[in-house]
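Below are the chains, spelled out letter by letter.
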Amino acid sequence: MSERGWLNDGEQRAWRAFYAASKVLFDQLDRELQRDANMPHTYYEILVVLSEVPGRELRMRELAELTRSSPSRLSHAIARLEDRGWVRRRECPDDKRGQFATLTGEGLAALAAAAPGHVAGVRTHLFDRLTPAQVDQLRAICEVVVQPLAPDHPVARDLTT
């Protein structure tokens with residue numbers, strides 16, 4: 001244990017509130033995506049990342065980094081997305097072990113269909129409950145937490161732009 005010891009009562013309540021809020025929010029958003037778009041949040045995240053890069057294609061290794069996923073977990077998800085016709089996988093021509101994941105037109109359409117409901121859920125369950133000042137505080141707090149934990153990660157870099 002560190003010299004600072006256990007969390008004090010206020011820190012303990014804040015930690016538990018943060019943990020509970022994170023869990024229940026993501027569980028709710030996942031249930032809604034499953035119900036409304038027949039996809040888990042993990043698939044939605046992959047589709048979003050691919051939709052935002054030039055050519056809608058990334059090396060699997062880069063996609064794993066951006067989605068904070070293990071290579072095996074990502075490979076499994078990509079196989080399911082391929083089964084749906086939403087992603088296509090292809091070999092890397094200059095690296096026989098590497099592969100690319102490409103968002104298909106069907107995948108882009110599935111994302112476009114799912115996005116309005118997902119955004120509505122994020123708004124309803126998070127932003128509609130906060131004041132503008134609290135939204136600013138939430139952003140600032142999250143940036144302070146993420147930056148030292150993963151300063152070179154693209155998600156952390158995106159927070160400062």
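Look a little higher up for the structure.
Residues numbered from 1 in each chain as written. Predicted model: local features only at pLDDT ≥ 70, side-chain atom pairs only at ≥ 80, totals over all residues. Heavy atoms only, no water.

Right, let's get into the overall build of the protein chain. Within the protein chain, the regular secondary structure consists of 7 helices and 3 strands. Secondary structure elements of the protein chain occur, N-terminal to C-terminal, as α-α-β-α-α-β-β-α-α-α. Its C-alpha atoms give the protein chain principal-axis dimensions of about 55 × 35 × 30 Å. Out of the 161 residues belonging to the protein chain, those deemed buried represent 28%. Here the contacts in the protein chain between residues at least 6 apart in sequence split such that 50% fall between residues at least 24 apart. Surface exposure of the protein chain reaches about 11,000 Å², of which carbon and sulfur atoms provide 56%. Computed over 22 positive and 23 negative side-chain charges, the inter-centroid distance for the protein chain is 3 Å. (Helix = DSSP H or I, 4+ residues; strand = E, 2+ residues; numbered from the N terminus. Buried < 20%, exposed > 50% of the residue type's maximum accessible area, 1.4 Å probe, protein only. Contact = heavy atoms within 4.5 Å. Areas by Shrake-Rupley, 256 points an atom, 1.4 Å probe, with all protein chains shown as cover. Lys, Arg positive; Asp, Glu negative; His and termini not counted. Charge placed at Lys NZ, Arg CZ, Asp CG, Glu CD.)

We now examine the sheet that holds strand β1 (residues 57–59). Pairing is antiparallel across the open sheet formed by 3 strands, whose spatial order is β1-β3-β2. The sheet terminates laterally at β1 and β2 (87–92), the two strands that pair on one side only. With direction set aside, neighbouring strand axes in the sheet form an average angle of 25°. Against the sheet, helix α4 (residues 71–84) engages β2 and β3 (95–103), with an angle of about 125° to β2. (Pairing = 2+ DSSP bridges. Axes fitted to C-alpha atoms, helices over the stretch in contact; angles between N-to-C directions.)

As a further point, take the pattern of salt bridges. Using the criterion set out here, one finds 5 salt bridges in the structure. Among the ionic pairs, Arg35 bridges to Asp36, the shortest N-O distance being 2.6 Å. The same class applies to Arg35 and to Asp36, which are both exposed. (Salt bridge = Lys/Arg side-chain N within 4 Å of Asp/Glu carboxyl O.)

Between helix α1 (residues 9–37) and helix α5 (residues 105–125), the least distance of the axes is 10 Å, while the angle of their chain directions is 150°. When the axes of α1 and α5 are compared, the pair comes out roughly antiparallel. At the point where α1 passes α5, the crossing takes the right-handed sense. Here Leu25, Gln28, Leu29, Glu32, Leu33 and Ala37 of α1 come into contact with α5, specifically with Ala114, His118, Gly121, Val122 and His125. Here the residues of the contact of α1 with α5 are counted per class, giving 6 nonpolar, 4 polar and 1 charged. (Parallel < 35°, antiparallel > 145°, perpendicular 65-115°, else oblique. Left-handed = near helix turned anticlockwise from the far one by under 90°. Nonpolar A, V, L, I, M, F, W, Y, C, P; charged D, E, K, R; others polar.)

Interpretation note: all reported values are geometric properties and have no functional meaning in isolation.
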